[in-house]
Amino acid sequence: MSRRSREKAAAPAAGAAARCTVTVCRGCCCGTPKIPRIDHAAQLTGLRAALATTATVRPVGCLDACEHGNVIVVQPSAQGRKAGGRPVWLGLVNDLDASADITAWIEAGGPGLADMPAILDLYAFNPSRRIRDQLDG
């Protein structure tokens, strides 16, 4: 099998998410002056620029986890999900260093494909099932 044929065979099926999806809460608290000392627009712009070829970055309305604002959810790629990766909820992402750590992890493969850096354990949280279902619904 040629290299080109192997690459095609390894490609995700049509319609499958080939990239991680990064959901950035920009609702009632996240992304607003209610969370001071961070340039929210710069955070979103920076994530989009850094992950342009690696992940889909999408801002959404309130994820109803305001006590953890700013919230970012990293959903695995199709390949990452097949490898056992699950969405990772990160809260209190209120500095650009945390955004850089998230970006580096996603560039390495993200959930299921790369170990999450230990520093991100400080940000990880488990939302209630009701909140998780809002994102997946």
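Residues numbered from 1 in each chain as written. Predicted model: local features only at pLDDT ≥ 70, side-chain atom pairs only at ≥ 80, totals over all residues. Heavy atoms only, no water.

A. Fine view of the nonpolar core. Membership of the largest hydrophobic core comes to 20 residues, with the highest contact counts inside it found for Val22, Ile72, Leu90, Ile102 and Ile106. Every element with two or more residues in this core is listed here: strand S1 (20-25), helix H2 (40-50), strand S2 (55-60), strand S3 (72-75), strand S4 (88-90) and helix H4 (96-107). Counting residues per element, this core draws most heavily on H4, at four residues. In this view, isoleucine 72 contacts Val22, Thr23, Val24, Gln43, Leu47, Val88, Trp89, Leu90, Val93 and Ile102; residues no more than four positions away in its chain are not counted. (Core = buried A, V, L, I, M, F, W, Y, C linked by side-chain atoms within 4.5 Å. Buried < 20%, exposed > 50% of the residue type's maximum accessible area, 1.4 Å probe, protein only. Helix = DSSP H or I, 4+ residues; strand = E, 2+ residues; numbered from the N terminus. Contact = heavy atoms within 4.5 Å.)

B. Broad picture of the environment of aspartate 39. Take aspartate 39: it is sitting in the loop between S1 and H2. C-alpha separation for the pair aspartate 39 and aspartate 95, spaced 56 residues apart in sequence, amounts to 8.6 Å.

C. Molecular detail of the sheet that holds S3. The strand order S2-S1-S3-S4-S5 describes an open sheet built from five strands, whose pairing is mixed. The sheet is open, and its two edges are formed by S2 and strand S5 (124-125), each paired on a single side. Sheet topology places S1 next to S2; six bridges connect them, and they run parallel. Residue pairing in the sheet places valine 24 in a bridge with proline 59 of S2. (Pairing = 2+ DSSP bridges.)

D. Structural detail: the packing of aromatic side chains. Evaluated as defined, the whole model comprises one aromatic pair. Consider the rings of tryptophan 89 and phenylalanine 125, whose centres lie 5.9 Å apart with planes at 75°: the pair is edge-to-face. Of the two residues, tryptophan 89 is situated in strand S4 and phenylalanine 125 in strand S5; the sequence distance between them amounts to 36 residues. Considered together, tryptophan 89 and phenylalanine 125 belong to a single accessibility category, that of buried residues. (Phe/Tyr/Trp six-rings, centres within 6.5 Å; stacked < 30°, edge-to-face > 60°.)

E. Here's a closer look at the side chain of glutamine 75. By secondary structure assignment, the location of glutamine 75 is in strand S3. Within the structure, the side chain of glutamine 75 is placed 3.4 Å from the side chain of threonine 23, a separation counted as a polar contact. (Polar contact = N/O pair within 3.5 Å; in protein donor to acceptor, adjacent residues only side chain to side chain.)

F. Geometry of the packing of H2 against H4. Two elements in contact, H2 and H4, have axes separated by 10 Å at closest approach and are oriented at 20°. With respect to H4, the element H2 is oriented roughly parallel. Regarding H2 and H4, the two cross each other, and that crossing is right-handed. Listed contacts from H4 to Gln43, Leu47 and Ala50 of H2 are Leu96, Ser99, Thr103 and Glu107. Class assignment for the residues of the contact of H2 with H4 results in three nonpolar, three polar and one charged. (Axes fitted to C-alpha atoms, helices over the stretch in contact; angles between N-to-C directions. Parallel < 35°, antiparallel > 145°, perpendicular 65-115°, else oblique. Left-handed = near helix turned anticlockwise from the far one by under 90°. Nonpolar A, V, L, I, M, F, W, Y, C, P; charged D, E, K, R; others polar.)

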